[in-house]
Amino acid sequence: MALESLTSASATELSLALQAGKTSALELTEACFDAIAAHNPTINAVITLCEESALAEAKAADLQLSAGTAGPLTGIPLLHKDIFCTRNVATTCASKMLTSFIPPYDATVVSRLQAAGTVMLGKTNMDEFAMGSSTETSVFGVTRNPWNLNCVPGGSSGGAAAAVAAGFAPLSTGTDTGGSIRQPASLCGITGLKPTYGRVSRLGIIAFASSLDQAGPMTRTVEDAALMLQAMSGVDAGDSTSADLEVPDFTAGLNQPIAGLKIGIPKEYFSHNLDQRVAEKIHEALNELVKEGAELVDIELPHTEQGIATYYIIAPAEASTNLSRYDGVRFGHRCDNPLNLTDLYERSRSEGFGEEVQRRILVGTYALSAGFYDAYFKKAQQVRRLISEDFQKAFERCDVIAGPAAPGTAFALGAKSDDPLAMYLEDIYTLSVNLAGLPGLSIPAGLIDGMPVGLQLIGRSFDETTLLRTGHRFQLCTDHHQAKPTLAGVNP
Amino acid sequence: MDSTPAPRGHLANASALSVRDFIVAKLSSVRHGKNTTKSASSSFVLRNECINVGVFGQGESVVASPLSHHSVYPAMITIPADVLSMAQLARLRIDEDALDDVSERFGRTLQLVAELEKIDTEGVTPMSNPHDMNQRLRPDSVTESNQREALQQNAPAVADGFFLVPKVID
């Protein structure tokens, strides 16, 4: 297989090539490392490399392939977002707090993908503790968008999205608390799926907001996302919020037609917040789905704008609780020469956490504090229910909801980093989906001035199958997902 | 902290007064023991509609919104002091130099979330989990073996199998 194809083909194509003996897992893994060596110094998508173990895993995969015992993901290279605990491999959450943390165990997602035969190349950059929409809050520096090095890749799974777009790996894992898979997927022109809350185990994912966090695949095609979700999904005794439901065969129904599918179009997703050129691309994409027999239905999601306020109470409140574990005692950063226990706590946390993380801890502490709890946290939980009910009402009239994944294309580095509220608006179309716990998919829908636009599809609870079928149909009748950045200006 | 009430004649009406009193009481309780010295000029006003109803305490400004009759949204808090209180609760230390910036951004975030005030949630059951699920219980049996050494490898300071902390008892 040609070298260029090895770093641009889908995992499904690579799997067929591996099974047919046209390439080997070792050759494929080495091609990925070569691409990383050439372009990562500029893009900064990968922050930890596992060359030795990856080459050993690739050789083991080749043995399985030759023995005829390989599965569809055997020998496929993969990168993990640095929020997933990886045994004996640094797991930092891109925070100074965890730069020396070496987990003694694997996240369930990591062990399941390893059992499926994937080859772990390393770990990807992210916003610190997954708090951000631009991958600019990482202690390891910004990740650049492979489509334009002066732009952000989105976030928080920006390293994962940039890595897949730049040809570093066909698959990467991401996590999505308010849009952290779908928005960077949109900005980097790849496919990203946030599964239904509970579909994928959270064991070993460093917690941000426990009622919102969900891990999912970031890939080059919807078909690959289905394949990867299959390996990631299912109940886990180690996560009591993982859903005890049978996992459907996500790839089986992919090729079924979408004739008669009702696609809901929320008018609130096309309001003043949206770049009109993005709106045009989304309408063009919807027309393609109509040509395939889908029917568009006008729907309302009246609490869309309030989703931001709701999210920015609930997520920081849960984060402030989750992040209280970092105390400088058991693991993580510890200040030098603490005077007393309070000094140890305060200095360790203030030195270890970045600005955005500290801001969210403060807001979360405020929302949960005695006297303000009802006005903030309880109120937000009540509005959360209204948001969830909006979706339930909408799904009485449609099978899938469609709209943009982000209000615009990738913005310039630094453009929003001094304005947290402008940054929060990036997730206006994605965070309600987390509040309601629904699955959401972002797929490439074309380019504006050379920068990718993402179409978001939102499904009913635990109905990833319909989302994947719709997304795959779109990729069968369009070629937006095949557009690749030229990496012009990326120094070899 | 001195919580002498501001002149009441400046308030829009009686219900706004009760909200104001509530916040004053709240601030008194959360700042107990804190010596707040921020001047009135560095206080952060959260609403354009706010009217100044007086100055009290150690140079702290208190403002009240005539629109906030039925809520405890931050119509009248002196944000830098509030940030310090929250930082204390969250065991964070904010540099004096950074306090105004942190407070301004903290205040803007609270302003953003105050949007929820407009929504009628009377009788709506709070939703804490997307599926309203109850967490499963596992069988009460031992599943984990002792991994003290492996777990303590990440600890910044240990001795004899214990985590080390600064002396807490004199």
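What you are looking at is a predicted structure, and each value in this text was computed from that prediction instead of being measured.

Caption draft 1: Quick peek at the overall build of chain A. The helix and strand inventory of chain A stands at 16 helices and eleven strands. Relative to the compact-globule value of 23 Å for 492 residues, chain A shows a C-alpha radius of gyration of 21 Å, a close match. Seen through its C-alpha atoms, chain A measures out along the principal axes to roughly 65 × 55 × 45 Å. Counting over 492 residues, chain A shows a buried share of 63%.

Caption draft 2: Seen up close, the nonpolar core. In terms of nonpolar packing, the biggest core is built from 162 residues, with Leu121(A), Ala161(A), Ala163(A), Phe168(A), Ile313(A) and Leu362(A) touching the most fellow members. Beyond its immediate stretch of four places on either side in the chain, Ala161(A) contacts Pro153(A), Gly154(A), Pro184(A), Ala185(A), Leu187(A), Cys188(A), Ile190(A), Gly192(A) and Met218(A).

Caption draft 3: Representation of the sheet that holds strand S2 (residues 77-81) of chain A in the model. All names here are of chain A. Strand order in the open sheet formed by eleven strands is S1-S3-S2-S4-S6-S5-S10-S11-S9-S7-S8, with mixed pairing between adjacent strands. Lying at the two open borders of the sheet, with one neighbouring strand each, are strand S1 (46-49) and strand S8 (295-299). Taking each pair of neighbouring strands and ignoring which way they run, the sheet shows an average axis angle of 30°. The sheet contact formed by S2 and strand S3 (residues 119-124) spans five bridges and is parallel. The residue bridging His80 from the neighbouring strand is Lys123, located in S3. Here helix H3 (residues 25-43) sits on the sheet and contacts S1, S2 and S3; the angle it forms with S3, its principal contact strand, is near 20°.

Caption draft 4: Molecular detail of the interface of chain A and chain B. Each partner contributes to the interface: chain A provides 57 residues, whereas chain B provides 46 residues. Counting only elements with at least two residues in the side of chain A that touches chain B, the list comes to helix H10 (304-322), helix H11 (341-352), helix H12 (355-368), helix H13 (374-394) and helix H14 (420-425) of chain A. With twelve residues, the single largest contributor to the side of chain A that touches chain B is H13(A). Taken together, the residues of the side of chain A that touches chain B break down into 29 nonpolar, 18 polar and ten charged.

Caption draft 5: Inspection of helix H8 (residues 222-232) of chain A at higher detail. All names here are of chain A. Summarising burial for H8: eleven of the eleven residues are buried, a large majority. Those residues of H8 lying buried are Val222, Glu223, Asp224, Ala225, Ala226, Leu227, Met228, Leu229, Gln230, Ala231 and Met232. Of the residues flanking the end of H8, it is Gly234, one or two places downstream, whose phi is positive at about 120°.

Caption draft 6: Main features of the pairing of strand S9 (residues 400-404) of chain A. Residue and element names in this part refer to chain A. Buried residues dominate S9, accounting for five of its five residues. Bridge count between strand S7 (residues 262-266) and S9: two bridges; the pairing is parallel. Bridging across to S9, Gly264 finds its partner in Ile401. As defined by bridge partners, S9 adjoins strand S11 (residues 451-459) across five bridges and the pair is classed as antiparallel. From the neighbouring strand, Pro404 faces S11, where its bridge partner is Leu455.

Caption draft 7: Geometry of the packing of H10(A) against H13(A). Residue and element names in this part refer to chain A. Following both chains from N to C, one finds H10 and H13 inclined at 130°, their axes separated by 9 Å at the closest point. The pairing of H10 with H13 is recorded here as oblique in orientation. You can see that H10 and H13 cross each other, and the crossing is left-handed. Contacts from Gln306, Gly307, Thr310, Ile313, Ile314 and Ala317 of H10 reach H13 at Tyr376, Phe377, Ala380, Gln381, Val383, Arg384 and Ile387. Looking at side-chain class alone, the contact of H10 with H13 contains eight nonpolar, four polar and one charged residues.

Caption draft 8: View of unusual backbone geometry. Cis geometry is adopted by the peptide bond preceding Ser156(A), which originates at Gly155(A) and carries an omega value of 10°. Structurally, the position occupied by Ser156(A) is in the loop between S3 and helix H6 (158-165).

Definitions and cut-offs
Residues numbered from 1 in each chain as written. Chains lettered and ligands numbered in written order. Predicted model: local features only at pLDDT ≥ 70, side-chain atom pairs only at ≥ 80, totals over all residues. Helix = DSSP H or I, 4+ residues; strand = E, 2+ residues; numbered from the N terminus. Rg over C-alpha atoms; globule rule 2.2 N^0.38 Å. Buried ≥ 20, exposed ≤ 12 C-beta atoms within 10 Å, placed from the backbone. Core = buried A, V, L, I, M, F, W, Y, C linked by C-beta atoms within 7 Å. Contact = placed C-beta atoms within 7 Å. Pairing = 2+ DSSP bridges. Axes fitted to C-alpha atoms, helices over the stretch in contact; angles between N-to-C directions. Nonpolar A, V, L, I, M, F, W, Y, C, P; charged D, E, K, R; others polar. Parallel < 35°, antiparallel > 145°, perpendicular 65-115°, else oblique. Left-handed = near helix turned anticlockwise from the far one by under 90°.

Note that all results are geometric; they support no functional claim without further evidence.
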